[in-house]
Protein chains: 2
Amino acid sequence: MEEIVRVKRELAYQGKILNIYKDYMALPNGHTAVWDFVEHKGAAAVVPVTREGKILMVRQYRNALERYTLEIPAGALNFAGEPKEVCAARELEEETGFRAGKLEWLINVNTTVAFCNEIIGIYLASDLIPSKQHLDEDEFLDVEEYGLQELLDMIFTGKITDGKTIAALLAYQVKRA
Amino acid sequence: MEEIVRVKRELAYQGKILNIYKDYMALPNGHTAVWDFVEHKGAAAVVPVTREGKILMVRQYRNALERYTLEIPAGALNFAGEPKEVCAARELEEETGFRAGKLEWLINVNTTVAFCNEIIGIYLASDLIPSKQHLDEDEFLDVEEYGLQELLDMIFTGKITDGKTIAALLAYQVKRA
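Residues numbered from 1 in each chain as written. Chains lettered and ligands numbered in written order. Predicted model: local features only at pLDDT ≥ 70, side-chain atom pairs only at ≥ 80, totals over all residues. Heavy atoms only, no water.

(A) The arrangement of the overall build of chain A in detail. Helix and strand content of chain A: three helices and 10 strands. Reading chain A from its N terminus to its C terminus gives the helix and strand order β-β-β-β-β-β-β-α-β-β-β-α-α. If one aligns the C-alpha atoms of chain A with their principal axes, the spans along those axes are about 60 × 40 × 30 Å. In chain A, buried positions account for 55% of the 177 residues. Counting contacts in chain A only where the partners sit at least 6 residues apart, residues at least 24 apart contribute 56% of the total. Accessible surface, chain A as shown: approximately 7,600 Å² in total, 46% of it carbon and sulfur. (Helix = DSSP H or I, 4+ residues; strand = E, 2+ residues; numbered from the N terminus. Buried < 20%, exposed > 50% of the residue type's maximum accessible area, 1.4 Å probe, protein only. Contact = heavy atoms within 4.5 Å. Areas by Shrake-Rupley, 256 points an atom, 1.4 Å probe, with all protein chains shown as cover.)

(B) View of the packing of helix α2 (residues 148–156) of chain B against helix α3 (residues 163–176) of chain B. Residue and element names in this part refer to chain B. One way to put it is that α2 packs onto α3 with a least axis distance of 10 Å and a crossing angle of 130 degrees. As the angle between them shows, α2 and α3 are arranged oblique. Relative to α3, the crossing made by α2 is left-handed. Facing L148, L151, L152, I155 and F156 of α2, the residues of α3 in contact are I166, L169, L170, Y172, Q173 and R176. Of the residues assigned to the contact of α2 with α3, the class counts are nine nonpolar, one polar and one charged. (Axes fitted to C-alpha atoms, helices over the stretch in contact; angles between N-to-C directions. Parallel < 35°, antiparallel > 145°, perpendicular 65-115°, else oblique. Left-handed = near helix turned anticlockwise from the far one by under 90°. Nonpolar A, V, L, I, M, F, W, Y, C, P; charged D, E, K, R; others polar.)

(C) Spotlight on the relation of the copies chain A and chain B. The transformation that overlays chain A on chain B combines an axial shift of 0.0 Å with a rotation of 180 degrees, and the residual RMSD is 0.0 Å. Between the two chains, the operation in question is that of a two-fold axis. Judged by C-alpha distance, A167 of chain A is the residue of chain A that lies nearest the rotation axis, at 2.2 Å. Of the interface residues in chain A, 100% have counterparts in chain B that sit at the interface too, so the contact is made through matching surfaces. (Least-squares fit on C-alpha atoms with pLDDT ≥ 70 in both.)

(D) Spotlight on unusual backbone geometry. Of note in the backbone geometry, E66 of chain A takes a positive phi value of approximately 55 degrees without being a glycine. In this fold, E66 of chain A is placed in the loop between β5 (55–62) and β6 (67–71). The phi torsion at D127 of chain B lies on the positive side, around 45 degrees, for a residue other than glycine. Within the element layout of this structure, D127 of chain B appears in strand β9 (residues 119–130). Residue classification places D127 of chain B among the partly exposed positions, given a relative accessible area of 40%.

(E) Structural detail: the domain arrangement of chain A. Split into domains, chain A comes out as domain 1 (5–39) and domain 2 (41–176). Measuring from the centre of the C-alpha atoms in domain 1 of chain A to the corresponding centre in domain 2 of chain A gives 30 Å. (Domains from an automatic or database assignment.)

(F) Geometry of the interface of chain A and chain B. Contacts between chain A and chain B engage 71 residues on the former and 71 residues on the latter. Around 6,200 Å² of area is buried between chain A and chain B when both sides are counted, 65% of it from carbon and sulfur atoms. Along the contact surface separating chain A from chain B lie two salt bridges. A salt bridge links E66 of chain A to R6 of chain B; the nearest nitrogen and oxygen atoms lie 2.5 Å apart. In this structure, the connection of chain A to chain B is made through 22 residue pairs in polar contact (both at pLDDT 80 or more). Listed by contribution, the elements that provide at least two residues to the side of chain A that touches chain B are β1 (5–14), β2 (19–26), β3 (32–39), β5, β6, β8 (98–110), α2 (148–156) and α3 (163–176) of chain A. Among the elements that line the side of chain A that touches chain B, the one with the most residues is α3 of chain A, at nine residues. (Buried area = accessible area lost by both parts, 1.4 Å probe. Salt bridge = Lys/Arg side-chain N within 4 Å of Asp/Glu carboxyl O. Polar contact = N/O pair within 3.5 Å; in protein donor to acceptor, adjacent residues only side chain to side chain.)

(G) A look at the environment of C87 of chain B. Residue and element names in this part refer to chain B. Mapped onto the fold, C87 is located in helix α1 (residues 84–96). Judged by its relative accessible area of 0%, C87 is buried. Between the C-alpha atom of C87 and that of A43, which follows or precedes it by 44 residues, the distance is 7.4 Å. If near-sequence neighbours (up to four positions away) are discounted, C87 is found in contact with A44, G75, A76, L77 and E82.

(H) The environment of E10 of chain B, seen in detail. Residue and element names in this part refer to chain B. Along the chain, the position of E10 falls in strand β1 (residues 5–14). Sequence separation of E10 and G30 is 20 residues, and the distance between their C-alpha atoms is 20 Å. Only 3.3 Å separates the side chain of E10 from the side chain of Y24, close enough to count as a polar contact.

(I) The arrangement of the nonpolar core in detail. Among the nonpolar cores identified, the biggest contains 61 residues, and V47 and I122 of chain A together with V47 of chain B are the most heavily contacted of them. Residues contacting V47 of chain A, with those up to four places away along its chain left out, are I55, I72, L106, I122, Y123, L124, A125, A168, L169 and Y172 of chain A. One finds L18 and V38 of chain A together with V38 and C116 of chain B within the second-largest nonpolar core, a separate group that totals 12 residues. (Core = buried A, V, L, I, M, F, W, Y, C linked by side-chain atoms within 4.5 Å.)

(J) Expanded view of the side chain of K164 of chain A. Inspection of the secondary structure puts K164 of chain A in helix α3. Apart from the residues within four sequence positions on either side, K164 of chain A is in contact with A45, R62, E71, I72, A74, I120 and I122 of chain A together with V113 of chain B.

(K) Local environment of the sheet that holds β9 of chain B. Residue and element names in this part refer to chain B. Across the sheet, which stays open at both edges, the four strands sit in the order β7-β4-β9-β8 with mixed pairing between neighbours. On the outer flanks of this sheet lie β7 (74–76) and β8 (98–110), each paired with one strand and no other. Neighbour-to-neighbour, the strand axes of the sheet open up by a mean angle of 25 degrees, direction not taken into account. As paired strands, strand β4 (residues 43–48) and β9 are joined by six bridges and run parallel to one another. Across the sheet, the residue bridging to V46 is Y123, located in β9. Its contacts with the sheet place α1 against β4, β7, β8 and β9, and it is angled at close to 125 degrees to β8. (Pairing = 2+ DSSP bridges.)

Shown next, in the form of structure tokens:
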């Protein structure tokens, strides 16, 4: 494998949840290429399984897609380096109003390796304990309950498209099989 | 579900493979929030299965992660609106040197619904026909062959983290089970 080396990183844009850089890369053919880099502090997500074996999902508006999506509960880390299981437990409680009696690591997902360093730690939450939903001030979402097979059918008919949700639900299905 | 409406979109940065916008969103609580939006033209990816049931993977350097990753073959659309199966067939041949005798749609993945509109159409390629690898001038990657179970083990031990690759391999496993 030939070596690729970054020779410079330039800040191009500072956003609310991300920063954009231009990476100047020295390639094995002698070229210097400029590649985009989106910096993200990371996130956590949860597959919450109820005592009846149902899965809690959230429906929310996504400006990037200009529509509502059905996703597993998730949220960005409070700060870079926050333990992902702490974030996962917090987001589960904030978004669904349940605490996890048991929280197990399932998979890690880099969402977009081509240009962004975002990594999502995905956990399986069970033994759910009723608590209280407390959304952020500017957060609006509905919690809905589904059977796993129903969600798998929605993946294979293109109705669920969120990458972390697809990876998480399929990982849960493969692990339990 | 309360309504959320975009009142303005401002271009903030033009990159090589993406553009960044600030979206001004009118929320149900009367606030106007500014959310980042990353515009991407879309992509396609392929799970290439050989006649022996092995899977062709590519290993390449990713500046966003500052390391090499193991992924399924994939690439961006040549233009917004290019049919994804055309892109999938092209990227398979360019990156691995095989053409697909058979190409079936598997799933669609929105990589990062929180801030980006990228969607990847993922296909299953079989009846592979030897052709010729022809990488882009500034593209460097190695092709490697793995058994499916070996790849699943790499997902569940955190060695494979690319989201589209995890979703695609697990989808293939669930569909064939």
